[in-house]
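# A closer look at the structure
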Amino acid sequence: MKHTSLLAVFCCIIALTACNKQKLPYDLEGVERGVIINISKVAGTSTTLSTDVNAGDYQVELSIPENLQGDKSMFKEAQLMAVYTDGDGKKTAAYVAEGITDFPAKVKVNIKDVLSKCGQSSIAIGDRVEFTPCYTLKSGTQVDGWSELMGFNNVRFTWLLEDGSNYQYRVSYTAFAPFHKENFKGKALYELLDSGNEYGDGYGEAIVTQVTELPDSQWIPKGVTAEELVGLHIVCDIPNTWFGVMNFDMWINTQDFTIIMPDQKSCFFDYPGYGSYDVELVGCEGEVDTLREYITFYWGTSWGPYSFGSETMRIYFNEDFYPEL
């Protein structure tokens, strides 16, 4: 069975669309075409992982959005893959459902069976199980949602579904430690995980204030109430980079401790030859580690007609878990 990257499949689709009817230096018929499969947690079911392997109601829904389906004629069947991560960050993966052909499809998974397929028998605080869709094309090509070499597919895509919600490439269930809201404010340490500290800009001070304002309703997941959101306003000065002083807002969703971070203006960029623009953070997502008390989140950047790559930041609130500086 051939394996390929979902990203590669859709880069081909985008390239073909852009080329339109131009003469191409490759065989158009030989290009593999795929689909996009969205995944979400079924409303009313478990949102976090219990340390009791016999507890919880874990159900996910797979759907092929009409506006993102790609070439469904090439699709054969889908699978659901589980990716288990232990407290030390070691990952193991296994298919936990196969032969899915009708969409939308609700899949109920037995977490004890999932653990067994991933070579585990128990759950400890900090452990995580993520589910991601995979599929097989009629050609025999297998497109997995996660691989040991590449990690998750479609991490950087920010497509919107027809109902206005964001496309999801995975859902995550974590065995969380108790959440202490009062600890997530004040002076903290930020770390730029993608930049490192080679140029002296990898670490710095962040000032975090808790706010009562809510994000626009379109950013609040279905079934999440205002009382379950913890708003944070973050200010951090990133020297020796084009970022400068950044101001941005995010909300902790305490149902599953994911981050809600709407697209937003963060700072102002003025550079000779490029112009002066507000810098917007887009496609943001992240998660809270309640055991070590830090937040890890990703964003892409857009300023005027330009895009300036992406960044992953971690904000530490507990000095016991600060990285070695």
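In what follows, the structure referred to is the one given above.
What you see is a predicted model, and the numbers here were worked out from it, not measured in a lab.

### A short note on the overall build of the protein chain
When helices and strands are counted, the protein chain shows 2 helices and 20 strands. Counting across all 325 residues of the protein chain, residues that qualify as buried make up 45%. Sequence separation of at least 24 residues holds for 61% of the intrachain contacts in the protein chain that already meet a minimum separation of 6. Counting only carbon and sulfur atoms, one obtains 49% of the accessible surface of the protein chain, whose full area is about 16500 Å².

### Digging into the environment of K72
As for its position among the elements, K72 is in the loop between β3 (58-63) and β4 (75-85). Contacts of K72, omitting those with residues within four sequence positions, involve V35 and I64.

### Some remarks on the pattern of salt bridges
For the structure shown, the criterion picks out 8 salt bridges. Note that D57 is salt-bridged to K108, the shortest N-O span being 2.8 Å. Here D57 is found in the loop between β2 (38-41) and β3, whereas its partner K108 is found in strand β6 (residues 105-109), with 51 residues between them in sequence. D57 sits in the partly exposed class, given a relative accessible area of 25%.

### A few points about unusual backbone geometry
In this chain, F103 is followed by P104 through a cis amide linkage whose omega measures -5°. Position of P104 relative to the elements: it lies in the loop between β5 (91-100) and β6. Its identity as a non-glycine residue notwithstanding, F257 has a phi of 60°, on the positive side. With respect to the element layout, F257 can be found in the loop between β15 (244-253) and β16 (258-260). The backbone of E293 shows a phi angle near 55°, a positive value even though the residue is not glycine. As for its position among the elements, E293 is in the loop between β18 (275-289) and β19 (294-303).

### Structural notes on the nonpolar core
In terms of nonpolar packing, the biggest core is built from 35 residues, with I37, L80 and F131 touching the most fellow members. Elements with a minimum of two residues in this core: β3, β4, β5, β6, α2 (111-117), β7 (128-137) and β11 (171-174). Core analysis: the second largest hydrophobic core is formed by 32 residues, A188, V208, C236 and M250 among them.

### Comments concerning the packing of aromatic side chains
Under the defined criterion, the tally for this structure stands at 14 aromatic pairs. Among the aromatic residues, those joined into a cluster by ring pairs are F176, F179, F184, F257 and F317. The lysine or arginine in question, K41, covers the ring of Y173, its NZ or CZ lying 4.3 Å from the ring centre. One residue, R170, lies across the ring of F152, its end atom 5.8 Å from the ring centre.

### Remarks on the side chain of E287
Here E287 lies in strand β18. Side chain to side chain, E287 and R128 meet in a polar contact 2.5 Å long. Excluding residues within four positions of it along the chain, E287 makes contact with R128, S172, T174, D256, F257, T258, I259, Y294, I295 and T296.

### As for the environment of I123
Along the chain, I123 falls in the loop between α2 and β7. Considered as a pair, I123 and K112 are 11 residues apart in the sequence and their alpha carbons are 9.6 Å apart. Beyond its immediate sequence surroundings of up to four residues, I123 is in contact with L49, S50, T51, V53, L115 and A175.

### Structural notes on the sheet that holds β3
Spatial ordering of the open sheet is given by β2-β3-β6, a layout of 3 strands whose pairing is antiparallel. Two strands close off the open sheet at either side, each with one partner strand: β2 and β6. On average, each strand axis in the sheet is inclined to that of its neighbour by 25°, with strand direction left out of account. Pairing between β2 and β3: 4 bridges, direction antiparallel. Following the sheet pairing, S40 is matched in β3 by E61.

### Quick notes on the pairing of β11
Covered by surrounding structure in β11 are V171 and Y173 together with S172 and T174, the residues of both alternating faces. The pairing of β7 with β11 spans 4 bridges and is classified as antiparallel. Bridging across to β11, R128 finds its partner in T174.

What counts, and where the lines are drawn
Residues numbered from 1 in each chain as written. Predicted model: local features only at pLDDT ≥ 70, side-chain atom pairs only at ≥ 80, totals over all residues. Heavy atoms only, no water. Helix = DSSP H or I, 4+ residues; strand = E, 2+ residues; numbered from the N terminus. Buried < 20%, exposed > 50% of the residue type's maximum accessible area, 1.4 Å probe, protein only. Contact = heavy atoms within 4.5 Å. Areas by Shrake-Rupley, 256 points an atom, 1.4 Å probe, with all protein chains shown as cover. Salt bridge = Lys/Arg side-chain N within 4 Å of Asp/Glu carboxyl O. Core = buried A, V, L, I, M, F, W, Y, C linked by side-chain atoms within 4.5 Å. Phe/Tyr/Trp six-rings, centres within 6.5 Å; stacked < 30°, edge-to-face > 60°. Lys NZ or Arg CZ within 6 Å of the ring centre and 35° of its normal. Polar contact = N/O pair within 3.5 Å; in protein donor to acceptor, adjacent residues only side chain to side chain. Pairing = 2+ DSSP bridges. Axes fitted to C-alpha atoms, helices over the stretch in contact; angles between N-to-C directions.

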